[in-house]
Amino acid sequence: MAQPASQQLRLVQFVEQLPADRGALVLPVANLEELPTSLRDLTTPERTAIQRALETSEFNFSSPGKLSLRGIGDWQQVVIVAVGEDGRAPDYERAGAIAGRALLSESATVTVIAGAMTGEAVSNFATGFGLGEYRSDLYRAREEGEGDRGAVTVVSGSALLAQSIYENRGRALIAAMNWTRDISNEPGNAVYPEVFVDRARTAFSGVEGIQIDVLDETAMNELGMGAILGVGRGSERPPRLLVVRYTGPGTEDDRPIVLAGKGITFDTGGISIKPRQNMENMRMDMSGAASVTGAVLSLALSRASVNVVAVSALAENMPDGRAIRPGDVLRALNGKTIQVISTDAEGRLVLADGLSWIERNLDAVAVVDVATLTGSVRGALSNDYAGLFSRHDWLATQLLEAGDAAGEPLWRLPIHDSYAQDMRSTVADIRNGSTGNGGGAGTAAYFLGEFISRDIPWAHLDIANMAWSGASDWKPDGSAGFGVRLLDRFVREFEQSMPNGR
Ligand code: BES
Ligand code: MN
Ligand code: ZN
């Protein structure tokens, strides 16, 4: 397999005074009234030209977008980006990403005039800029010198504060997001369970407070993890359970928050094979595992004071002479037997063993699993919200808040008791597909809930509709790295509920 290109980012620095250098100019603006402050240090002709361009272009300040201008003073180009009027973190980040992406093929230096933005907002903008530089064309030939881009200088009255937030949290988030998006975007012939593990080891090498453990198929056999082993049986590439623990400063005695990820490195559907249309996208079916591991990477790189574990249930779902068949019965780690109705409902199988392993081995304060689990979640929520399922209201509330604040919104859906009927098997304890037209995303959540004790606060995020999308002003097509920002924030702000609190 050819080596993928690595992400190349501009250097970022923060200063208080406008430098003399005239490369590209980026102007984040919230409204016309605020503009004069941002333009204060420019020449009068530059100011007039920019103001006139904005007035005549009917630029919409409130929705994400940009206006690129040429021929302003000595600038190579001027990019105006709307930051919205609400001043929320995701808005600054989105605006930054639009600028970063707009300037991908600009080799000159970049000056950002941050105007009246707070230090936090400036850092969010710079972080977004870095995220916007992400490229998903990992295997396309690079032109010579293509990655050599000038540095970014952010001009702000709060330069010092912005710099410290950015260097601590922003850079960590960008590195983690890039790791998550790269591994999700990469093809199935490059990334299979063992490679996922190797990539994680590389990403975390030298990072303080990290411990990595891996279960291979021999260990799984000994433990009786028949569900994940069953899914992996059709593949030449054996399954793995990857456990990345991060113990932040002062949290040695804390119980961990555990994040579990579905890590199907390619989902053909197995014997219940998928139609050929868009099947290539199923290389992203390990996005849950990529996001939980990426979130822990972000937390660890920024030395957050949290105790968190990412558990990735990794397997490849292939059809083969040895593959599991519809009707087969598997025994999961917790002893429950599962009748396989569809070998394409494999995510819940690997997570069944993942969740049981977590219950048995980690004394979690809360468990949140993240999975590209069902096509049906798109039918319910389109591309606006990922699905959130939980029997614990306080946990659901904290996840909803984190998602909202991070710009990765969730919508809570029920795990109705009636789903038990849909998942009832005549030969085994449970079946992996509903009997009729039961709610696809909900019955999948119900299934997962059968593999973790109801006493453990648990939530499930179905991100099948959010993990992957087409290109836009702020991202290339492919992985969105959905979940990294949400989980990073959720873990940082986590508050344990009262004992027995719902
Ligand atoms: N990986 C798929 C879900 C998926 C679909 C993710 C589209 C991203 C985009 C999952 O393994 C799957 O195949 N789910 C089936 C479940 C069904 C067989 C019960 C589905 O949703 O159709
Ligand atoms: Mn499937
Ligand atoms: Zn799948």
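Let me begin by describing the structure that accompanies this report. All values derive from a computational prediction rather than experimental measurement.

Scanning the protein from N- to C-terminus turns up 15 helices and 19 strands. Relative to its length of 502 residues, the protein is compact, with a C-alpha radius of gyration of 24 Å against a globular reference of 23 Å. With respect to the principal axes defined by its C-alpha atoms, the protein has extents near 80 × 50 × 45 Å. With 502 residues in all, the protein has 58% of them scored as buried. The protein carries 46 positive and 63 negative side-chain charges, and their two centres are separated by 4 Å.

It is worth spelling out unusual backbone geometry at this point. Its identity is not glycine, yet Arg303 carries a phi of approximately 55°, on the positive side. Positionally, Arg303 belongs in the loop between helix 9 (287–301) and strand 10 (307–317). On the basis of relative accessible area, Arg303 is assigned to the partly exposed category, the value being 32%. With a phi angle near 50°, Ser382 is a residue other than glycine that sits in the positive phi range.

Within the protein, Asp267 (OD), Asp344 (O), Asp344 (OD) and Glu346 (OE) serve as the donor atoms for the manganese ion (ligand 2), at 2.0 to 2.2 Å. Coordination at the manganese ion (ligand 2) is irregular: its six donor atoms span angles of 71 to 167° at the metal. Linear spacing of the donor residues for the manganese ion (ligand 2) on their chain is D-x76-D-x1-E. Between the manganese ion (ligand 2) and the zinc ion (ligand 3), a spacing of 3.1 Å is present, and a bridge between the two is formed by Asp267. Within this pair, whereas Asp267 is found in strand 9 (residues 257–267), its partner Glu346 is found in the loop between strand 12 (337–339) and helix 10 (347–361), the two being separated by 79 residues in sequence. The pair formed by Asp267 and Glu346 is uniform in burial state, with each residue classed as buried.

We now examine the sheet that holds strand 5 (residues 110–113). With mixed pairing, six strands are arranged side by side in an open sheet as 1-6-5-2-4-3. Two strands bound the open sheet, and with one partner strand each, they are strand 1 (12–15) and strand 3 (66–69). On average, each strand axis in the sheet is tilted by 20° relative to the strand beside it, whichever way the strands run. In the sheet, strand 5 pairs with strand 6 (residues 152–155) via four bridges, with the strands oriented parallel. By the bridge assignment, Ile113 is partnered in strand 6 with Val155.

What follows concerns helix 10. The end-to-end C-alpha distance of helix 10 is 21 Å, a good match for the 21 Å that 15 residues give at a rise of 1.5 Å each. Counting buried positions along helix 10 yields 12 of 15 residues, so the element is predominantly enclosed. Restricting attention to buried positions, one finds in helix 10 the residues Gly347, Arg348, Leu349, Val350, Leu351, Ala352, Asp353, Gly354, Leu355, Ser356, Trp357 and Ile358.

Along its 14 residues, helix 12 (residues 393–406) runs 20 Å from first to last C-alpha, staying within 8% of the 20 Å computed at 1.5 Å per residue. At its buried positions, helix 12 is contacted by helix 3 (89–102), strand 13 (366–371), strand 14 (386–390), strand 15 (410–412), strand 17 (458–462) and helix 15 (484–493). Downstream of helix 12 by one or two residues, Gly407 has phi in the positive range, about 75°.

Take the coordination of the zinc ion (ligand 3) next. The coordination sphere of the zinc ion (ligand 3) contains the protein donors Lys262 (NZ), Asp267 (OD), Asp285 (OD) and Glu346 (OE), at a distance range of 2.0 to 2.4 Å. Because the angles between the six donor atoms bound to the zinc ion (ligand 3) fall within 79 to 173°, the donor set is best described as octahedral. Mapping the donors of the zinc ion (ligand 3) onto the primary sequence gives the spacing K-x4-D-x17-D-x60-E. Among the residues examined, Glu346 registers a relative accessible area of 0% and is labelled buried.

Taken as a whole, this structure holds seven aromatic pairs when the rule is applied. Consider the rings of Phe447 and Phe451, whose centres lie 5.0 Å apart with planes at 35°: the pair is tilted. Like Phe447, the residue Phe451 is buried in the burial classification. Taken together, Trp394, Phe490 and Phe494 form an aromatic cluster joined through their ring pairs. Here the basic side chain of Arg94 rests over the ring of Trp474, its NZ or CZ set 3.9 Å away from the ring centre. Sitting over the face of the ring of Phe451, Lys336 holds its NZ or CZ atom 6.0 Å from the ring centroid.

This next bit is on empty space enclosed by the protein. Take a probe with the size of a water molecule and roll it over the atoms, and the empty space left behind shows itself. One pass over the structure, following the stated rule, counts two cavities of 30 Å³ or more. Within this model, the largest cavity holds a volume of roughly 60 Å³. Looking at the largest cavity, the residues that line it are Ser6, Gln7, Gln8, Glu133, Arg135, Arg142, Gly147 and Arg149. Within the lining of the largest cavity, the residues separate by chemical class into no nonpolar, four polar and four charged.

Further remarks concern the packing of helix 5 (residues 159–185) against helix 15. The contact between helix 5 and helix 15 brings their axes to 10 Å, and the two run at 135°. The angle between the axes of helix 5 and helix 15 places the two elements in the oblique class. Handedness of the crossing formed by helix 5 with helix 15: right-handed. Contact with helix 5, carried on its side by Arg169, Leu173, Ala176, Met177 and Thr180, involves Val484, Arg485 and Arg492 of helix 15 and no other residues of that element. Among the residues forming the contact of helix 5 with helix 15, the class breakdown is four nonpolar, one polar and three charged.

We now examine the site of ligand 1. Taken together, 16 residues are adjacent to ligand 1, and Lys274, Asp285, Asp344, Glu346 and Gly375 come closest. One of the backbone N or O atoms of Leu373 is found 3.4 Å from a nitrogen atom in ligand 1. When ligand 1 sits alone it has 520 Å² of accessible area, and the protein chains cover 74% of it. In terms of residue class, the shell around ligand 1 is made up of five nonpolar, four polar and seven charged.

Another point: the sheet that holds strand 7 (residues 210–215). Here eight strands make up an open sheet; going across it, the order is 7-8-10-9-13-17-14-15 and the pairing mixed. Here the strands that pair on one side only, and so sit at the sheet edges, are strand 7 and strand 15. Averaged over all pairs of adjacent strands, the angle between their axes in this sheet comes to 20°, without regard to strand direction. As judged from the five bridges shared by strand 13 and strand 17, these two strands associate in the parallel manner.

Calculation notes
Residues numbered from 1 in each chain as written. Chains lettered and ligands numbered in written order. Predicted model: local features only at pLDDT ≥ 70, side-chain atom pairs only at ≥ 80, totals over all residues. Heavy atoms only, no water. Helix = DSSP H or I, 4+ residues; strand = E, 2+ residues; numbered from the N terminus. Rg over C-alpha atoms; globule rule 2.2 N^0.38 Å. Buried < 20%, exposed > 50% of the residue type's maximum accessible area, 1.4 Å probe, protein only. Lys, Arg positive; Asp, Glu negative; His and termini not counted. Charge placed at Lys NZ, Arg CZ, Asp CG, Glu CD. Donors = N, O, S within 2.8 Å, 3.2 Å for Na, K, Ca; no water. Tetrahedral: all angles 85-135°; square planar, octahedral: opposite > 155°, others 65-115°. Pairing = 2+ DSSP bridges. Axes fitted to C-alpha atoms, helices over the stretch in contact; angles between N-to-C directions. Expected span 1.5 Å × (residues − 1). Contact = heavy atoms within 4.5 Å. Phe/Tyr/Trp six-rings, centres within 6.5 Å; stacked < 30°, edge-to-face > 60°. Lys NZ or Arg CZ within 6 Å of the ring centre and 35° of its normal. 1 Å grid on protein atoms, 1.4 Å probe; cavity = no way out; pocket = protein on both sides within 12 Å on 5 of 7 lines; lining within 4 Å. Points joined across faces, edges and corners; volume = space filled by probe spheres on them. Nonpolar A, V, L, I, M, F, W, Y, C, P; charged D, E, K, R; others polar. Parallel < 35°, antiparallel > 145°, perpendicular 65-115°, else oblique. Left-handed = near helix turned anticlockwise from the far one by under 90°. Near = heavy atom within 4 Å. Polar contact = N/O pair within 3.5 Å; in protein donor to acceptor, adjacent residues only side chain to side chain. Areas by Shrake-Rupley, 256 points an atom, 1.4 Å probe, with all protein chains shown as cover.

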